[in-house]
Amino acid sequence: MADSNAERPLRKISTAFKELAAIVNSPSPEVPVAKFSHACSLVSPLFGCLGIAFKFAEMDYVAKVDDLAKASSAVSTLVVMVDRDIEANCVRKAGSHTRNLLRVKRGLDMFNVCFRYYFHFCRGNNSLKDPASKSYAQVFAPHHGWAIRKAVALGMYALPTRSQLLTMLNEEEAEAKIQMQSYVNASAPVITYLDNLFLSKQLGIDW
Ligand code: 1PW
């Protein structure tokens, strides 16, 4: 049984992304960096659920979200943040806010894809290896070198089972699916918004 007093990360994530979706779906979207980085920080526990092999992925994601949170004290919206990096000519520089934003976007996208695979191909299957491998292959692998791809492939053998994951998320199967679907729906327009932000400024999204 799910413990009603414990944290339920999936619900927090879906609520936060519904709020972001409402902003990006508005006629002139202004996404506050603080609100965006807070929503992204709620996703960090999902990386933490993937097992010890993915500790490095969690640390990398958390560091990049922290960088965006820090940026929010000096810049209001994501557009302003990206414009500042363009002016400073540092968009692609390691550690730039814009570069970190692109990496964080991939993290959001990976869970979006992972949850969708989970629904369509893994009914009744207790392993997370298929949805996790497929979403990694689709979203991150094209941007990672051999060593990282190899480490991730090995980590796939140490993923928790679906039941272990549900226990960590403190959810029953049915409710978890509702919350995952809600994240899939809400994060889609947010991810599209971010892609369009990069493309509209001719920054590209494949680096
Ligand atoms: C749904 C389960 C899927 C599990 C796979 C999770 C793997 C996520 C990828 C994490 C990669 C961590 C290793 C760090 C890589 C960095 O070199 C790279 N960061 C990312 C997020 O791609 C680039 O970072 P940089 O050079 O811009 O600081």
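Residues numbered from 1 in each chain as written. Predicted model: local features only at pLDDT ≥ 70, side-chain atom pairs only at ≥ 80, totals over all residues. Heavy atoms only, no water.

A. The arrangement of the site of the ligand in detail. Taken together, the neighbourhood of the ligand is formed by 17 residues, with Asp60, Lys64, Arg99, Arg103 and His144 sitting nearest. His144 places a side-chain nitrogen or oxygen 2.7 Å from an oxygen atom of the ligand. When the ligand is considered free in solution it has 710 Å² of accessible area, and contact with the protein chains removes 84% of it. Judged by the fraction of its atoms near the pocket grid, the ligand is located in the largest pocket. Among the secondary structure elements, those contributing two or more residues to the shell around the ligand are helix H4 (55–71), helix H6 (97–121) and helix H7 (129–139). (Near = heavy atom within 4 Å. Polar contact = N/O pair within 3.5 Å; in protein donor to acceptor, adjacent residues only side chain to side chain. Areas by Shrake-Rupley, 256 points an atom, 1.4 Å probe, with all protein chains shown as cover. 1 Å grid on protein atoms, 1.4 Å probe; cavity = no way out; pocket = protein on both sides within 12 Å on 5 of 7 lines; lining within 4 Å. Sits in = over half its atoms within 2 Å of the grid points. Helix = DSSP H or I, 4+ residues; strand = E, 2+ residues; numbered from the N terminus.)

B. The arrangement of the side chain of Thr98 in detail. Along the chain, Thr98 turns up in helix H6. In contact with Thr98, not counting residues within four places along its chain, are Met81, Val82, Asp85, Val91, Phe198 and Leu203. (Contact = heavy atoms within 4.5 Å.)

C. A look at the layout of surface pockets. For the largest pocket, the calculated volume is near 630 Å³. Lining the largest pocket are 33 residues, and of these Phe47, Ala57, Met110, Tyr136 and Phe140 sit closest to its centre. Elements supplying a minimum of two residues to the lining of the largest pocket: helix H3 (44–48), H4, H6, H7, helix H8 (146–155) and helix H9 (162–169). At eight residues, H6 tops the list of elements feeding residues into the lining of the largest pocket. For the lining of the largest pocket, the class distribution of residues is 26 nonpolar, three polar and four charged. Of the volumes computed, that of the second largest pocket is approximately 190 Å³. Every residue lining the second largest pocket is counted, 14 residues in all, and those nearest its centre are Lys105, Asp109, Gln138, Val139 and Ile191. Contributions of two or more residues to the lining of the second largest pocket are made by H6, H7 and helix H10 (173–200). Considering every element that reaches the lining of the second largest pocket, the biggest residue donor is H6, with six residues. Split into classes, the residues belonging to the lining of the second largest pocket amount to six nonpolar, three polar and five charged. (Points joined across faces, edges and corners; volume = space filled by probe spheres on them. Nonpolar A, V, L, I, M, F, W, Y, C, P; charged D, E, K, R; others polar.)

D. Seen up close, the packing of helix H1 (residues 9–24) against helix H2 (residues 33–41). Packing of H1 against H2 leaves a shortest axis separation of 9 Å and a crossing angle of 145°. As H1 packs across H2, the resulting crossing turns out to be left-handed. Residues Ala16, Phe17, Glu19, Leu20 and Ile23 of H1 pack against Lys35, Phe36, Ala39 and Cys40 of H2. Tallied by class, residues from the contact of H1 with H2 come to seven nonpolar, no polar and two charged. (Axes fitted to C-alpha atoms, helices over the stretch in contact; angles between N-to-C directions. Left-handed = near helix turned anticlockwise from the far one by under 90°.)

E. Quick peek at the state of the cysteines. Tallying each qualifying case throughout the model produces zero disulfides. The cysteine Cys40 is free of any disulfide, with Cys49 supplying the nearest cysteine sulfur at 17 Å. Residue classification places Cys40 among the buried positions, given a relative accessible area of 0%. Here Cys49 stays free of any disulfide, with the sulfur of Cys114 as its closest cysteine sulfur at 12 Å. Exposure remark for Cys49: the relative accessible area of 7% places this residue in the buried category. (Disulfide = S-S within 2.5 Å. Buried < 20%, exposed > 50% of the residue type's maximum accessible area, 1.4 Å probe, protein only.)

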